[in-house]
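Structure assessment
Given next are the chains, with one letter for each unit.
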Amino acid sequence: MEQTTGVTGSGAAPRHPELVAVARALTASADYGSLALWSGRVAHGLRFTTRRLDGTPNPAAAQKPTSLGSVDLRKKPAANLDAAWPVAAVDRLVLLAPLAIGRLLIDGDQACRFQFCGPVAGQTRWVSVAFGGWVAAVPAADTARLTEHFADRHPTGDLFDLGERWAMLEIDVVEAFVRTEHSGTRLDTGDARSLLAS
């Protein structure tokens, strides 16, 4: 499997621009995905959307690894997601998950994989997109604002049950894998996050 780099900003041409294009289109249109936590818990059929975080410099914050392959995933990072905001704006995935999954994240972030698949509008090609990264519960102070944002894509009554039956989670994406029936590629952190941009 090839690694694609240079999707945004570096000036290099991606090896599989068609994969990047269909992955971005599917990320913007898919309704549901599956979340697999490092602890072994899996939740299927989770609604999701993306969110833009404005850059907030914090040079003292601990930086998260940019590849899950080079870290012991059994150890939770010490800092929460918002403590290490980058200087530049970043896009993240926001999920609506059962409260039982949210409770697993009370003590901090956990390594995860979020995957969805389906056809892309106007094409017959089936695409699978898997994001790897760190998942955490959305801070309570952000929940009300994000609920309205989430409802723009998923106007569901489940949003009224946040904290009782449902939890809002946020994934800090560090890599992505895009596959079709004929090809596949791994995207590094910057290129993976570019798929979240609308």
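Residues numbered from 1 in each chain as written. Predicted model: local features only at pLDDT ≥ 70, side-chain atom pairs only at ≥ 80, totals over all residues. Heavy atoms only, no water.

Two side chains carrying opposite charge are able to pair once their charged atoms lie near each other. For the coordinates displayed, the defined rule picks out five salt bridges. Here aspartate 172 makes a salt bridge to arginine 92, at a shortest N to O gap of 3.5 Å. Remark: arginine 92 occurs in strand S4 (residues 90–98) and aspartate 172 occurs in strand S7 (residues 166–179); sequence separation between them is 80 residues. Taken as a pair, aspartate 172 and arginine 92 share a single burial class, namely buried. Between arginine 145 and aspartate 142 there is a salt bridge, and its shortest N-O distance comes to 3.3 Å. (Salt bridge = Lys/Arg side-chain N within 4 Å of Asp/Glu carboxyl O. Helix = DSSP H or I, 4+ residues; strand = E, 2+ residues; numbered from the N terminus. Buried < 20%, exposed > 50% of the residue type's maximum accessible area, 1.4 Å probe, protein only.)

Next up on the list: the nonpolar core. Side chains of a nonpolar character, in soluble globular proteins, are inclined to be buried together. Core analysis: the biggest nonpolar cluster contains 35 residues, and Leu35, Phe114, Phe131, Leu169 and Ile171 have the highest contact counts within it. Elements supplying a minimum of two residues to this core: helix H1 (17–29), strand S2 (32–37), strand S3 (42–53), S4, helix H2 (99–103), strand S5 (110–119), strand S6 (126–137) and S7. By residue number, the principal contributor to this core is S7, which donates six residues. Discounting chain neighbours no more than four positions away, the residues touching leucine 169 are Leu35, Leu93, Val94, Leu95, Ala97, Ile101, Gly102, Leu105, Val135, Ala136, Ala137 and Val138. Grouped together as the second largest cluster of nonpolar side chains are eight residues, Val94, Leu96, Phe150 and Trp166 included. (Core = buried A, V, L, I, M, F, W, Y, C linked by side-chain atoms within 4.5 Å. Contact = heavy atoms within 4.5 Å.)

Across the 14 residues of S7, 13 count as buried, placing the element largely inside the fold. With 10 bridges connecting them, S6 and S7 associate as antiparallel partners. Following the sheet pairing, phenylalanine 131 is matched in S7 by alanine 176. For S7 and strand S8 (residues 184–187), the ladder comprises four bridges, and the chain directions are antiparallel. Bridge assignment links arginine 179 to a residue of S8, and that residue is glycine 184. (Pairing = 2+ DSSP bridges.)

Without other data, these values stay purely geometric and don't point to any function.
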